[in-house]
Every structure is written in C-alpha cells, then in structure tokens.
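# Summary of the model geometry
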Amino acid sequence: MEIKSVMIIGAGQMGSGIAQVCAQAGYTVYLNDLKEEFIEKGMAVISKNLTRQVDKGRITEEEKNDILSKFIHSTTLQDSQNVDIVIEAAVENMEIKSKIFKELDIYAPAHAILASNTSSLPITEIAAATNRPEKVIGMHFMNPVPVMKLVEIIRGLATADEVYQAVEDMTKTLKKVPVEVNDFPGFVSNRVLMPMINEAIFTLYEGVATKEAIDEVMKLGMNHPMGPLTLADFIGLDTCLYIMETLHEGFGDDKYRPCPLLRKYVKAGWLGKKSGRGFYTYE
C-alpha cells in the first residue's frame with residue numbers, strides 16, 4: 001500500500017504541525033479546514049517554522065519553497081477523493097469526528113486509510129461511523145509535532161494488519177518513532193499523563209503547596225522538563241478536562257474524576273496559555 005498524497009483535516013496547532021512534517025517528507029498535502037482564512041493562518045505558522053529552519057541553516061531557501069509547493073488548500077471533504085490517507089485533527093469531540101468520518105467514507109477512494117489524531121477517544125467507535133472499519137486507525141502525534149518524535153499508532157477492533165503496517169512505515173518516513181497501542185481510553189500517553197496533571201491540580205486545590213512549588217518539585221525531583229501545572233496550561237485546561245472526562249466515563253473509575261478546580265477554571269474561561277490565563281498568567 002503506497003502512500004503519496006495526504007489530507008490533513010484541521011489547520012490548527014496540531015493539524016498544521018502534521019501537515020508540515022508530511023510536506024517535509026515529500027507527500028502532496030491537502031490542508032483542509034472549514035474556511036480559507038483558517039488554512040491561511042495554519043500556512044503562516046508553517047511558513048514561519050520553515051523560515052526558522054532556514055535561519056538555523058537546517059534547510060535552504062530553495063528547500064523551504066519546495067516544501068511549501070507541496071500544499072493544496074481545501075475547504076471541502078470531497079477533495080479526499082484525491083488522497084491515499086486522511087489524518088483528521090479536528091476538535092476532540094466524538095460527534096464531530098463521527099460526522100467527518102461518515103463523510104470521508106463517501107468521498108475517499110476505497111483504498112484510502114482514514115486516521116484520527118484523537119488524543120483519547122476510542123478508534124473503534126470512530127470506525128463504526130464508516131463502512132470500512134478495517135481501514136480506520138489512530139495516529140496520535142505529540143505537540144509540537146515538528147519537534148516531538150513519538151506517534152502512538154492505535155489499532156481499532158477491526159484495523160487490518162496491512163493498514164497498521166502502512167501507517168507505521170509512513171510514520172518512519174516522517175522521521176517519527178511509531179509505538180503500537182491498543183484501543184483503550186487515553187491510550188498510553190494520556191492515561192498516564194492526565195491523572196498526574198489532575199493529581200497536581202488536586203495538590204494545589206487542597207493547599208498542599210503553591211503552584212510554583214508543585215512545578216518545581218516535579219522539575220527538580222522527577223527531572224521533568226516543565227512542571228505539570230505549566231504543562232496543563234500549554235495543553236489547554238479545556239483539553240485536560242475533556243480527556244479526564246473521557247477516562248472517567250471510559251473506565252468508570254473514580255481515580256479519573258476531574259479535580260473541581262480544573263472544572264472551575266474552564267468555566268471561568270481560564271484555559272491556559274491560549275486564553276492568556278490558566279494556572280499562570282500569560283501576556
């Protein structure tokens with residue numbers, strides 16, 4: 001199964017990052033979003049990232065232009081008829097993802113693989129929206145995509161072996177490290193990470209220590225590059241809450257209960273770095 005062209009759905013932070021590494025690997029990339037202005041915004045980030053690479057001497061100006069020439073702007077899922085794989089990086093919401101996959105099933109060619117960059121939702125349930133569950137798979141990239149090496153590859157209940165192999169091979173062409181994971185809520189990364197972040201929030205909520213102290217303990221004591229509360233701000237507190245709710249619902253275990261302080265901050269619109277305020281304040 002040869003992959004030459006890719007559609008990325010969602011030109012936001014994750015989608016534009018995935019699109020960038022696909023174009024750098026030589027694939028033709030359809031960057032899809034609801035409006036042209038969203039695509040332009042994503043392309044501006046990609047261009048800025050590539051300019052930084054030129055400034056550091058990692059690529060030439062000519063190579064940058066060649067990478068940018070690989071992109072085709074798309075505002076309709078009908079364009080998926082031209083690709084070998086679709087990687088969906090839309091909002092983390094099952095209803096929205098199911099709707100997208102149902103539509104992709106109509107337009108994408110029979111051989112096309114349908115992948116989701118979901119960070120916690122069940123691949124088997126997403127696949128159920130299609131008539132090709134054997135061709136549906138999870139490709140969970142880490143943020144920021146151009147920098148982070150890991151891709152969790154998640155098999156759904158029906159994912160075919162040759163589909164898994166094709167996605168693993170593609171991941172390697174993107175200069176990423178594929179890790180095979182089975183379809184459980186939160187997979188490996190968020191099943192381990194999010195309860196740790198949630199526990200750090202409980203530690204703050206219960207007055208055990210200040211936010212600075214909690215982050216410092218985890219950085220200096222556990223050798224983490226950033227503290228869990230800072231990391232939560234960078235991920236987005238709304239995303240953290242959504243993943244904790246997915247874990248809580250998926251396992252039915254109270255150890256995944258989201259901290260009330262996390263809920264309060266999200267209701268207040270304190271979503272972290274993207275909103276200018278979370279556990280910390282950002283200019």
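Our subject in this report is the structure included herewith. Position numbers for residues start from 1 in each chain and track the written sequence from start to end. Local features in this predicted model are restricted to residues whose pLDDT is 70 or higher, and side-chain atom pairs enter the listing and the counts only when it is 80 or higher, whereas totals over whole chains, interfaces and linings include all residues. Just so you know, side-chain values use all the structure's heavy atoms and leave hydrogens and water out.

### Comments concerning the side chain of Ser74
How we decide: Numbered from the N terminus, helices here are DSSP runs of H or I no shorter than four residues, and strands are runs of E no shorter than two. Only protein chains enter the calculation, and the probe is 1.4 Å; a residue is then buried if its accessible area is under 20% of its type maximum, exposed if over 50%, and partly exposed in between. A 3.5 Å cut-off defines polar contacts: any pair of N or O atoms within that distance qualifies, except that in protein one atom must be a possible hydrogen donor and the other a possible acceptor, and neighbouring residues in sequence count only when both atoms are side-chain atoms. The contact rule is simple, with two residues in contact once any of their heavy atoms fall within 4.5 Å.
Along the chain, the position of Ser74 falls in strand β3 (residues 71–74). With a relative accessible area of 1%, Ser74 lands in the buried category. Engagement of the side chain of Ser74 in a polar contact is seen with the backbone oxygen of Thr76, the distance being 3.1 Å. Not counting the four nearest positions on each side in its chain, Ser74 is found in contact with Met7, Tyr30, Leu31, Asn32, Asp33, Ile39 and Asp79.

### Comments concerning the pairing of strand β6 (residues 136–141)
Test applied: By this definition, two strands are paired if DSSP reports at least two bridges between them.
Among the 6 residues in β6, 6 count as buried, and that is most of the element. Of the two faces of β6, both are covered, the one formed by Val136, Gly138 and His140 as well as the one formed by Ile137, Met139 and Phe141. As defined by bridge partners, strand β5 (residues 113–116) adjoins β6 across 3 bridges and the pair is classed as parallel. Looking at the pairing, Ser116 lines up with Gly138 of β6. Here β6 pairs with strand β7 (residues 150–155) via 5 bridges, running antiparallel. Bridge assignment links Ile137 to a residue of β7, and that residue is Arg155.

### Some words on the pairing of strand β2 (residues 28–32)
Counted only if it meets this: Handedness of a crossover is defined as follows: with both strands directed away from the viewer, a clockwise route from the first strand across the helix to the second makes it right-handed.
The buried fraction of β2 is high, at 4 of 5 residues. Looking at chain direction, strand β1 (residues 5–9) and β2 are connected through 5 bridges and run parallel. Bridge assignment links Met7 to a residue of β2, and that residue is Tyr30. This β-α-β element, β1 to helix α1 (residues 13–24) to β2, shows right-handed connectivity.

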